[in-house]
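# Architecture at a glance
Residues per chain, in single letters:
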Amino acid sequence: MFNRLFSRRPTPGEIAAPVDYESLFNEVMEGLAAGWTAGQVKAYLTGRENDQQFVEWLFRYDREVLQVEPEQYHQIAEQLVQWGDMEGGLVGQMVKEIGQQKQKRPEIVPSVLDQQVETLFTQGSSAYVEGDLLGAIAAYNQALAIKPDNHEVLYEKGRVLADIGRREEAVKIYRKSLDIQKTSSALSSLGVCLNNLGRYEEAIDCADGALKLNPKEAHALYIEGFALNRLGKYVEAIEACDEALTFDANNCLVLSEKGDALAYLGRHEEAISIFDRILSLQLDERVLNNKGISLINLERYEEAILSFGTAATIRPDKHEALHNRGGLLLKIGQYEDAIATFNAVLTIKPSFHQALGNKGLALARLGQYEEAITTFDHALSIKPRFPAAIGNK
């Protein structure tokens, strides 16, 4: 009866954006010019090493602003590579990649067509920042009409397509970009897209390719761990997560994947320890939900109810943790509280047949058979072959 009662939700999160990325960037560059050590760089960037929004800002900043005079080219390039060598997070990887690209292409005088492409690229980036994703795609398409083999424009177009859910198209665009020039960032982005499409083996191949190009690509290790978890290869997933955590011990996304893998292996005490570590860094509805499930497996029911309740308070628009709370109340015989909880779930998601089935069961346990039958019928009207409703009715 309870084999599908409790559910996990593998949903990635994001680090909040800093107030001023440009000031952050300039401070580090000035520090490097003044002789900052790796320890000083890491200390200054604490908490921002894997900020995806900072990475995206750096990419745009390079194209829009960081086009320096030829005599400064080598100096800037060397500083960026030095920064990347000192700081191994996603931000460090991006600045190093920008620096290496500048080292390969010094003192290039752009043609008129190149300038047109650059202008359209900038327009696309600005549209993206302003939330006009279709406008961004339109600008990138115009740029590609002039220069179809510009791998950077292709990469950015792929990212926008992925953001608006057109992932199959994004995969094709990413692959086209990679056919022109392989970069660890493009391989990682393709891996994320493939993971979201459920194509986990291909995602692992992309992650492996990114790691060959850049062994410090911590995000690729996260992508690999995510895919391995969903393939049921939990021990390998933990190994990938542990390697990623050597670059950033407090990466909540990686910690979450590790905690989930431990839970799937039945190592619930260890899983809870990881979940608590995440929650000491940030409150997360999904982590609280999964912690509650591990607590159920250890028969620590009161703590589980509290964990589910906190998750529901954080995200009152989400039904998963609330439904798990109702399922636990049903399991331990608190039928009236369970019914009230399932009603709250159905307020959020009226067509959730599992909540209707569990509510019907709680009503039956209270002897309210007519209402239970009506509730089971409602569930069957949504999912006619729903076994629990058929059997319990």
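Data block above holds the structure.
Residues numbered from 1 in each chain as written. Predicted model: local features only at pLDDT ≥ 70, side-chain atom pairs only at ≥ 80, totals over all residues. Heavy atoms only, no water.

### Re the overall build of the protein
Inclusion rule: Helix and strand assignments come from DSSP, with helices taken as H or I runs of at least 4 residues and strands as E runs of at least 2, each series counted from the N terminus. Each residue is assigned to one of three classes by its accessible area relative to the maximum for its type, calculated with a 1.4 Å probe on protein chains only: buried under 20%, partly exposed between the two thresholds, exposed over 50%.
When helices and strands are counted, the protein shows 22 helices and 0 strands. Here the protein holds 393 residues, and 50% of them are scored as buried.

### What to know about helix α12 (residues 218-230)
Just so we agree on the cut-off: Any helix carries an expected span of 1.5 Å times its number of residues minus one.
Over its 13 residues, α12 runs 19 Å from end to end, which matches the ideal 18 Å to within 8%, given 1.5 Å per residue. Burial runs high along α12: 12 of the 13 residues are buried. Among all positions in α12, only Ala218, His219, Ala220, Leu221, Tyr222, Ile223, Glu224, Gly225, Phe226, Ala227, Leu228 and Asn229 are buried. Phi turns positive, to about 80°, at Gly232, one or two residues after α12.

### Things to note about the packing of aromatic side chains
The geometry of an aromatic ring pair is captured by two quantities: the separation of the ring centres and the angle between the planes. Stated formally: The aromatic pairing rule takes the rings of Phe, Tyr and Trp, using the six-membered ring of Trp, and pairs them if the centres are within 6.5 Å, calling planes under 30 degrees apart stacked, those over 60 edge-to-face and the rest tilted. By definition, being over a ring means that NZ of Lys or CZ of Arg is both within 6 Å of the ring centre and within 35 degrees of the ring normal.
Evaluated as defined, the whole model comprises 6 aromatic pairs. With 5.6 Å between their ring centres and 55° between their planes, Trp36 and Tyr44 make a pair best called tilted. Residue Tyr44 is classed as partly exposed on the basis of its relative accessible area of 35%. When the ring centre of Phe226 is taken as reference, the NZ or CZ atom of Arg230 above it lies at 3.4 Å.

### Concerning unusual backbone geometry
Here Glu299, not a glycine, exhibits a phi torsion of approximately 60°, which is positive. Position of Glu299 relative to the elements: it lies in the loop between α16 (285-297) and α17 (301-314). A relative accessible area of 59% places Glu299 in the exposed class.

### Structural notes on the nonpolar core
Applied cut-off: Residues enter a nonpolar core if they are buried and are Ala, Val, Leu, Ile, Met, Phe, Trp, Tyr or Cys, with the set joined through side-chain atoms within 4.5 Å. Throughout, a residue-residue contact means that at least one pair of heavy atoms, one from each residue, lies within 4.5 Å.
Counting residues in hydrophobic clusters, the biggest one holds 112 residues, and the most contacted among them are Val41, Phe54, Leu58, Leu80 and Trp83. When residues of this core are assigned to their parent elements, the largest contribution, 7 residues, is made by α12. For Val41, the contacting residues outside a window of four places in its chain are Val28, Leu32, Trp36, Trp83, Met86 and Glu87.

### Here we look at the environment of Gly99
Examined against the element boundaries, Gly99 turns out to sit in helix α5 (residues 90-104). Between the alpha carbons of Gly99 and Glu78 there is a distance of 6.5 Å; along the sequence they are 21 residues apart. Residue contacts for Gly99: discarding those within four places in its chain leaves Ala77, Leu80 and Val81.

### Structural notes on the pattern of salt bridges
Spelled out, the test is: Whenever a carboxyl oxygen of Asp or Glu lies within 4 Å of a side-chain nitrogen of Lys or Arg, that contact is scored as a salt bridge.
Considering all chains together, one arrives at 14 salt bridges under this definition. The salt bridge partner of Arg230 is Glu257, with a shortest N-O separation of 3.0 Å. Linking Arg230 in helix α12 with Glu257 in helix α14 (residues 252-264), this pair joins segments that are 27 residues apart in sequence. Of the charged contacts, one joins Glu269 and Arg300 as a salt bridge, the two residues approaching to 3.5 Å between their closest N and O atoms. Highlighted residues: Glu269 in helix α15 (residues 268-281) and Arg300 in the loop between α16 and α17, separated in sequence by 31 residues. Of the residues examined, Arg300 reaches a relative accessible area of 26% and is grouped as partly exposed. Residues joined by salt bridges that share partners form a network here, namely Glu168, Arg175, Arg199 and Glu202.

### Here we look at helix α1 (residues 21-33)
Going by this rule: The directions from the helix axis to the C-beta atoms are what the arc is built from.
The terminal C-alpha atoms of α1 lie 18 Å apart, and with 13 residues this matches the ideal 18 Å at 1.5 Å per residue to within 8%. Buried residues of α1: Tyr21, Leu24, Phe25, Val28, Met29, Gly31 and Leu32, and no others. Within α1, the buried residues cover an arc of 160° as seen down the axis, which keeps them to one side. Exposed and oriented more than 90 degrees from the buried face of α1 are Glu30 and Ala33.

### Concerning the environment of Lys318
You can see Lys318 is positioned in the loop between α17 and α18 (320-331). Separated by 27 residues in sequence, Lys318 and Val345 place their C-alpha atoms 8.5 Å apart.

### Describing the packing of helix α11 (residues 200-213) against α12
Heads up, the condition is: Axes, fitted as lines to C-alpha atoms, cover a helix only where it is in contact. Angles between the N-to-C directions of the axes lie from 0 to 180 degrees. Reported orientations rely on four angle classes, namely roughly parallel under 35 degrees, roughly antiparallel over 145, roughly perpendicular from 65 to 115, and oblique for the rest. The hand of a helix crossing depends on one turn: near helix anticlockwise from the far one by less than a right angle means left-handed, and clockwise means right-handed. Gly is placed with the polar residues, together with every amino acid not listed as nonpolar (Ala, Val, Leu, Ile, Met, Phe, Trp, Tyr, Cys and Pro) or charged (Asp, Glu, Lys and Arg).
Running from N to C, α11 and α12 point in directions that differ by 155°, and their axes come no closer than 9 Å. When the axes of α11 and α12 are compared, the pair comes out roughly antiparallel. Here α11 and α12 pass one another in a crossing that is left-handed. When α11 is examined against α12, the residues Tyr200, Ala203, Ile204, Ala207, Asp208, Ala210 and Leu211 are found in contact with a partner set consisting of Ala220, Leu221, Ile223, Glu224, Phe226, Ala227, Leu228 and Arg230. Across the contact of α11 with α12, the residue classes tally to 12 nonpolar, no polar and 3 charged.

### With respect to the side chain of Gln79
Our working rule: Counting of polar contacts relies on pairs of N or O atoms within 3.5 Å, with two restrictions inside protein: one atom must be capable of donating a hydrogen and the other of accepting it, and residues adjacent in sequence are counted only when both atoms are side-chain atoms.
By the secondary structure assignment, Gln79 is in helix α4 (residues 70-86). A distance of 3.1 Å separates a polar atom in the side chain of Gln79 from the backbone oxygen of Met29. Contacts of Gln79, omitting those with residues within four sequence positions, involve Met29, Leu32 and Ala33.

By themselves these figures say nothing about function.
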